[in-house]
Amino acid sequence: MKKLFLFLILSVFPFIADAQIKFAYFSYDEALKSMPEYAAVMSDMDKLRTQYDAETKRVEEEFNRKYEAFLEGQKDFAPIILQKRQTELQELMQKNIDFRAKAARLLEEAEEQAMKSVHKKISDVLAIIGKDRGYAIVINTDNNACPYIDNAMGEDINSLVKNVLNGAK
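Rules behind the numbers
- Residues numbered from 1 in each chain as written.
- Predicted model: local features only at pLDDT ≥ 70, side-chain atom pairs only at ≥ 80, totals over all residues.
- Heavy atoms only, no water.
- Axes fitted to C-alpha atoms, helices over the stretch in contact; angles between N-to-C directions.
- Helix = DSSP H or I, 4+ residues; strand = E, 2+ residues; numbered from the N terminus.
- Parallel < 35°, antiparallel > 145°, perpendicular 65-115°, else oblique.
- Left-handed = near helix turned anticlockwise from the far one by under 90°.
- Contact = heavy atoms within 4.5 Å.
- Nonpolar A, V, L, I, M, F, W, Y, C, P; charged D, E, K, R; others polar.
- Salt bridge = Lys/Arg side-chain N within 4 Å of Asp/Glu carboxyl O.
- Buried < 20%, exposed > 50% of the residue type's maximum accessible area, 1.4 Å probe, protein only.

Participant: Describe the packing of helix α4 (residues 79-133) against helix α5 (residues 158-165), listing the residues and the values that go with them.
Facilitator: Interaxial distance between α4 and α5 falls to 10 Å at its minimum, and their mutual angle equals 120°. Judged by the inter-axis angle, α4 sits oblique to α5. Read as a crossing pair, α4 and α5 show a hand that is right-handed. Along its contact with α4, which presents K121, I122, V125, L126, I129 and R133, the element α5 presents L160, V161, V164 and L165. Its residues placed into classes, the contact of α4 with α5 shows eight nonpolar, no polar and two charged.

And the structure:
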């Protein structure tokens, strides 16, 4: 997808030079991380992650206690009790595995949901800046997508985007 996008941009550059089409570039990650909303989302996610980690630790400790008790008493247990305790430990282990998987999925979903409004705000700001300044395109320079940009042909709008996102004019 990135290669296709880069190819399209590069194929449009000859037309940009002839038609004097303006473009801008910025770092999405830099803009995102400058937002107070992003910091709030990350803080909330850290709190939620801490809660899930504490619960994971609690159930692991419970499992370990039961496992140690099983190991200590296994030679004295009747076969039916031994089998019952093994089954209980297997069920507990499976519940722990299921909880970890569900917690990871829920964390991912919570972050995705919380970040929707942050991403929308960035998109809205880019649309406003693009229209106000007459840019044909605004390029995200993250992940080395654009290893070279001639400053005479395009405008670096990193500080402008950050200022608008953070309420400065």
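Past the structure itself, the notes keep going.
Participant: Tell me about the pattern of salt bridges, residues and numbers included.
Facilitator: The full count for this structure, using the stated rule, is eleven salt bridges. Across the pair K162 and E30 runs a salt bridge, and its minimum N-O distance is 2.5 Å. Linking K162 in helix α5 with E30 in helix α2 (residues 28-33), this pair joins segments that are 132 residues apart in sequence. Look at E30 and you get partly exposed, because its relative accessible area is 36%. For the salt bridge of E109 with R105, the shortest nitrogen-to-oxygen distance reads 3.1 Å. In this pair, E109 and R105 both sit in helix α4, four residues apart, roughly one turn of the helix.

Purely geometric stuff here, so don't read any function into it on its own.
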